[in-house]
Amino acid sequence: MKENWLWVGKYVIVIIAALGLGAVLGGLEPLRSATIGAKVGAGALVQFIAHTGALVLLWALGLRHSAQLRRAGGVSAHLSTSVLALVSLIVIASFYEVLFRFINPFLAQDAKPYIDWAFIAAIFAAAAWLVWALFVDSEAFLAALKKAASDRKSASGAA
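Caption draft 1: Main features of the side chain of Ser 88. Checked against the element boundaries, Ser 88 lands in helix H4 (residues 74–103). For Ser 88, a relative accessible area of 8% translates into the label buried. Within polar-contact distance, the side chain of Ser 88 engages the side chain of Trp 59 at 2.9 Å. Non-local contacts of Ser 88, meaning those with residues more than four positions away in its chain, are made with Trp 59, Ala 126 and Trp 129.

Set out below in structure tokens:
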């Protein structure tokens, strides 16, 4: 039995809503003028929460997609690890900018290299995971490409 993929739309709608609301609410005058301490505006906090929430939802979307691919079995089950590795790489790389934009006013200048290197290590680890998953599952990718090409050929021949 094929599973329903409509749940993807729910995640996409909520991610877009979080990003849109973060931008709109963060730009409102009361939130722009209010500060947290003397360094960060409340609007920046709202945007940080919205962007972080969107990234968490994006990772949850990837996790659920990966699980659904595994349940589907066959060639697509082998692709699940690569999907999760790719989404993890995107989220980690994106979170650096989100986090740095928020903590920059609080950050001591000598602490920035430590955060940079922590993210470099995390990005490298996620990239290595993705490359390993692609290597291990390369036969599944080739089989999927072969199937897609044969389906396309048979569809164009039937038309």
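Following the structure, the description resumes.
Caption draft 2: A look at the pattern of salt bridges. The full count for this structure, using the stated rule, is three salt bridges. Glu 97 is the partner of Arg 101 in a salt bridge, and the nearest nitrogen-oxygen pair spans 3.8 Å. With Arg 101 and Glu 97 both in helix H4, this residue pair falls four residues apart, about one helical turn. Its salt-bridge partner being Asp 116, residue Lys 112 comes within 2.7 Å of it at the nearest N-O pair.

Caption draft 3: Seen up close, helix H1 (residues 7–26). End to end, H1 covers 28 Å across 20 residues, agreeing with the expected 28 Å (1.5 Å per residue, within 8%). Every buried residue belonging to H1 is among Trp 7, Tyr 11, Ile 15, Ala 18, Gly 22 and Gly 26, and all of these are buried. One face of H1 carries all of its buried residues, which in axial projection span an arc of 90°. Counted as exposed and oriented over 90 degrees from the buried face of H1: Ile 13, Ile 16, Leu 21 and Val 24. Elements that come into contact with the buried residues of H1 comprise helix H2 (29–33) and helix H3 (42–72).

Criteria and cut-off values
Residues numbered from 1 in each chain as written. Predicted model: local features only at pLDDT ≥ 70, side-chain atom pairs only at ≥ 80, totals over all residues. Heavy atoms only, no water. Helix = DSSP H or I, 4+ residues; strand = E, 2+ residues; numbered from the N terminus. Buried < 20%, exposed > 50% of the residue type's maximum accessible area, 1.4 Å probe, protein only. Polar contact = N/O pair within 3.5 Å; in protein donor to acceptor, adjacent residues only side chain to side chain. Contact = heavy atoms within 4.5 Å. Salt bridge = Lys/Arg side-chain N within 4 Å of Asp/Glu carboxyl O. Expected span 1.5 Å × (residues − 1). Arc of directions from axis to C-beta.

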